[in-house]
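Observations on the model geometry
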Amino acid sequence: MPDFPTTSPRFDRRSLLRAIGASATLLAGLGGAAPLRAQTDRPRVIPPAEEDVATPFDFEMLTAEMRALAAEAPAPVERPALPLGPLGYDDYRLIAFKPENARWRGAETPFRLHAFHMGWLFEEPVRLYQLRDGMARPMRFDTQDFDYHGRLSEKAEKIAELPGVAGFRLNAPLNRPDRDDELVAFLGASYFRALGRDSRYGLSARGVAIDTATSRAEEFPRFSRFWLEPGDRQVTIYAALEGETLTGAYRLVVTPGQDTEIEVTARLFFRRSPEQLGVAPLTSMFLFSEKNRAEFDDYRPAVHDSDGLRIERRDGDVLWRPLNNPPRLASSYFGEESPRAFGLYQRDRDFENYQDSGARYERRPSLRVEPMGDWGRGAVRLVEIPTDLEANDNIVAFWVPEGKIAAGDEREFAYRLRWGDLSAGTGSETAHVAETRAGAGGVSGVESVADTRKFVIDLKGGALERLSAEAEVELKAEAHGGEILSQTLERIEASGQWRAVLDVSAPPDATVELTAHVAGFGRKLSETWLYQWINA
């Protein structure tokens, strides 16, 4: 089990991300498991509590509460005792929510709510409320809502109310009208995942990022309460965010589809100044692909949840930055003003390029952030963390707004999240980067030259793909921190794609920033390819 501190709201990043990834896989696997001991025949005996009365609620009321809460010191961490006692990893994997107890079954909504049990790494209670006609009523859970397998079965004989849950997931008819599929799950700090049609869980989003890869220890504020309002086509979720540095009021409107959309409004209230605020943070995993596969003795050609960061600039220009598993912690800033979108994408959708029949990496969703309103000046930051295991989420991307934030400040951000395949280049006249490969520099077949690297960039689609090999097009490339020794551009007749090749040299331990695109006929014909090479 990973080292996961339980005495502070500040967590070790790697342990937390590994825990969230492991628990999502674990809970998905247990969701359809048959219980070893049925418990559905026992009647409910817990009387209604006084706090079950409905109370008025709306987003403005939540906003006012979280603003007032930010003026107070953070509340002590709450870790109430569980009816079954402390639960370790081996215990936690024996617990599954009963599908027949899903909330809203039989209601006039396609959504079904399943709760995640407290315990193991999730000891702080999350409280849920159902919202209807402006009135909120607590959603209560007890041991009868869960199947307890194996040695936990006898311990769960007595029905007991739970002090809260660890999180929840929503199911809906996403892929077929006659079946409820997982749609979105909230579990751990402010993390959540969603699926588009035919997707499998991959990367995550977060409510906020505080001091990621800075001189301060990273902080992980948590969603402590949720209010849920199901409708016939979408579900609206309100959430209270609590942390040492800030509080927040969130509204998330979830609409399932080919690309599932979540419209987010985040109102943030600062108790103190963060070193860095990360807005609309995304977290993913990149282990290896064609450009660094030689470092891994693995039968699979590639292992990653996402393969690139895509930024659509205000003027429509597109930047593509292939992800990397660097030899040391790496960080890149891409200065922008009111970008149209940014996101982490899984472009490679061919099973042959992964060969993993269990993980099905080719079905991991891409996630696009579309700012709503004017976000002004700032930067998209990409953080890449070295890892040797695919269980570690080692990629983070988020928006960093310009300017310092002080205690007492308030900020509001609205944006749309799109989860799904998000196919590249559809209907675009601009070629996109289909693949990035890398290897030893120099001429093939002879001894490689020290401190050199070869980069091969394949471009697909757009007007470029319709041009002949004799077309007057040009590769425009630059290197900062290194030197481009040679560059070529050719059309590959076998595929119809164009291939750019760069040979680059750099001093030992240098960090080289590379950029390249194809131009011709007075305009750009391809995305701008960006890459960071650390010559370690």
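All values reported here derive from a predicted model rather than from experimental measurement.

Parameters at a glance
For every chain, the first residue of the written sequence is number 1, and numbering continues from 1 along that sequence. The model is predicted, so local features are restricted to residues of pLDDT at least 70 and side-chain atom pairs to those at 80 or more, both for listing and for counting; the totals for chains, interfaces and linings are taken over all residues. Side-chain figures throughout are based on the complete set of non-hydrogen atoms in the structure, without hydrogens or water. Helix numbers and strand numbers start at the N terminus; a helix is a DSSP run of H or I with at least 4 residues, a strand a run of E with at least 2. Here the globule rule reads 2.2 Å times residues to the power 0.38, and the radius of gyration is calculated from C-alpha atoms. Only protein chains enter the accessibility calculation, which uses a 1.4 Å probe; a residue is then buried when its area is under 20% of its type maximum, exposed when over 50%, and partly exposed in between. Working rule for contacts: check all heavy atoms of both residues, and any pair within 4.5 Å makes them a contact. Put simply, buried Ala, Val, Leu, Ile, Met, Phe, Trp, Tyr and Cys residues joined by side-chain atoms within 4.5 Å make one nonpolar core. Whether two strands pair comes down to DSSP finding at least two bridges between them. Here the axes come from fitting lines to C-alpha atoms, over the contacting stretch only for helices, and the angles between their N-to-C directions go from 0 to 180 degrees. pLDDT: the predictor's confidence for each residue, scored from 0 to 100. Only the six-membered ring of Trp is used, alongside the rings of Phe and Tyr, when aromatic pairs are assigned; centres must lie within 6.5 Å, and planes under 30 degrees apart are stacked while those over 60 apart are edge-to-face, with the rest tilted. One speaks of a salt bridge when a side-chain nitrogen belonging to Lys or Arg is within 4 Å of a carboxyl oxygen belonging to Asp or Glu. How far a helix is expected to stretch is found by multiplying one less than its residue total by 1.5 Å. The arc in question is the one traced by the directions running from the helix axis out to the C-beta atoms. Side-chain atoms alone can form a polar contact between residues adjacent in sequence; in general such a contact is a pair of N or O atoms within 3.5 Å, and within protein one must be able to donate a hydrogen while the other accepts it.

This part is about the overall build of the chain. Counting secondary structure elements, the chain contains 5 helices and 34 strands. Here the C-alpha radius of gyration of the chain, 25 Å, is about what a compact globule of 536 residues would show, namely 24 Å. C-alpha atoms of the chain, sized along the principal axes, occupy 80 × 50 × 45 Å. For the chain, buried positions account for 57% of its 536 residues. Relative to all contacts within the chain whose residues are 6 or more apart in sequence, the contacts with residues 24 or more apart total 69%.

Once that is clear, we can look at the nonpolar core. Counting residues in hydrophobic clusters, the biggest one holds 87 residues, and the most contacted among them are L128, F226, L228, I237, Y250, I262 and L417. Discounting chain neighbours no more than four positions away, the residues touching F226 are V126, R127, L128, Y129, F168, F186, I237, Y238 and A239. L464, A479, A506 and A510 belong to the second largest nonpolar core, which has 29 residues in total.

Attention shifts here to the sheet that holds strand 31 (residues 498-505). Spatial ordering of the open sheet is given by 27-28-31-30, a layout of 4 strands whose pairing is antiparallel. Both outer strands of the open sheet, strand 27 (432-440) and strand 30 (483-491), are each paired with one neighbouring strand and no more. Direction aside, the axes of adjacent strands within the sheet are offset by 15° on average. For strand 28 (residues 452-460) and strand 31, the ladder comprises 8 bridges, and the chain directions are antiparallel. Each residue of the ladder has a partner; that of R453, found in strand 31, is V504.

It is worth spelling out the confidence of the model for the chain at this point. Confidence in the prediction for the chain averages 91 pLDDT; 90% of positions are at 70 or higher. Long-range and interchain partners of residues 26-48, a stretch whose pLDDT sits below 50, account for 56 contacts in this model, where long-range means more than four residues apart.

Within strand 31, 7 of the 8 residues are buried, which leaves the element mostly enclosed by the surrounding structure. Taken together, the 8 bridges between strand 30 and strand 31 define a ladder with antiparallel strand orientation. Its bridge partner lying in strand 31, S486 is registered against D503. Where strand 30 folds back on strand 31, the antiparallel hairpin that results is connected by 6 residues, among which G496 adopts a positive phi of roughly 80°.

Let's shift gears to the pairing of strand 9 (residues 191-194). Burial along strand 9 is two-sided: the face carrying Y191 and R193 and the face carrying F192 and A194 are both buried. Looking at chain direction, strand 8 (residues 181-187) and strand 9 are connected through 3 bridges and run antiparallel. Across the sheet, residue F186 finds its bridge partner in strand 9, namely F192.

This next bit is on the packing of aromatic side chains. The description of an aromatic ring pair rests on the distance of the ring centres and on the angle between the ring planes. By the definition in use, this model includes 29 aromatic pairs. On the basis of an interplanar angle of 15° and a centroid distance of 4.6 Å, the ring pair of F57 and W227 is categorised as stacked. Of this pair, F57 sits in the loop between strand 1 (55-56) and helix 2 (59-70) while W227 sits in strand 12 (residues 222-230); the two residues are 170 residues apart in sequence, bridging distant segments of the chain. W227 matches F57 in its accessibility class, with the two residues each being buried. Summarising the aromatic geometry, the rings of F168 and F226 are spaced 5.0 Å apart at their centres and angled 80° between planes, so their arrangement reads as edge-to-face.

If you walk through the whole model with that rule in mind, you get 48 salt bridges. A salt bridge links E263 to R416, with the nearest nitrogen and oxygen atoms 3.2 Å apart. With E263 in strand 15 (residues 260-270) and R416 in strand 26 (residues 410-420), the pair connects residues that are 153 residues apart, well separated along the chain. When its relative accessible area of 33% is taken as the criterion, E263 is described as partly exposed. With a shortest N-O distance of 2.7 Å, R300 and E390 are connected by a salt bridge. A residue pair is termed long-range when its members are at least 10 positions apart, and R300 in the loop between strand 17 (286-288) and strand 18 (303-304) and E390 in the loop between strand 24 (377-384) and strand 25 (395-401) qualify at 90 residues. Connected through shared salt-bridge partners, E261, E263, R310, E312, R340, R368, E370, R416 and R418 make up one network.

A few words on unusual backbone geometry. Backbone geometry at S338 places phi at a positive 45°, although glycine is not the residue there. Among the secondary structure elements, S338 is positioned in the loop between strand 21 (330-337) and strand 22 (341-345). Residue classification places S338 among the buried positions, given a relative accessible area of 15%. Phi is positive for F521, close to 55°, though the residue is something other than glycine. You can see F521 is positioned in the loop between strand 32 (511-520) and strand 33 (523-524).

Let us now look at the environment of D181. With respect to the helices, strands and loops of the structure, D181 is situated in strand 8. Separated by 10 residues in sequence, D181 and N171 have C-alpha atoms that sit 5.1 Å apart. Not counting chain neighbours up to four residues away, the residues in contact with D181 comprise L170, N171, A172, P173, L174, N175 and R176.

Our focus in this paragraph is helix 2. Across its 12 residues, helix 2 extends 17 Å between first and last C-alpha, which sits within 8% of the 16 Å expected from 1.5 Å per residue. Considered for burial, the residues of helix 2 that qualify are F59, L62, T63, M66, L69 and A70. The buried residues of helix 2 occupy an angular sector of 130° when projected down its axis, which confines them to one face. At its buried positions, helix 2 is contacted by strand 12, strand 13 (235-242), strand 14 (246-255) and strand 15. If you check the start of helix 2, you find a side-chain oxygen 3.1 Å away from the backbone N of E60, and it comes from D58.

By the secondary structure assignment, E124 is in the loop between strand 3 (112-116) and strand 4 (127-132). Judged by relative accessible area, E124 falls into the buried class, the value being 16%. At 3.1 Å, the side chain of E124 forms a polar contact with the side chain of R79. A polar contact of 2.9 Å, which involves the side chain of E124, links it to the side chain of R222. Other than its neighbours up to four places away in sequence, E124 contacts V77, E78, R79, M118, V165 and R222.

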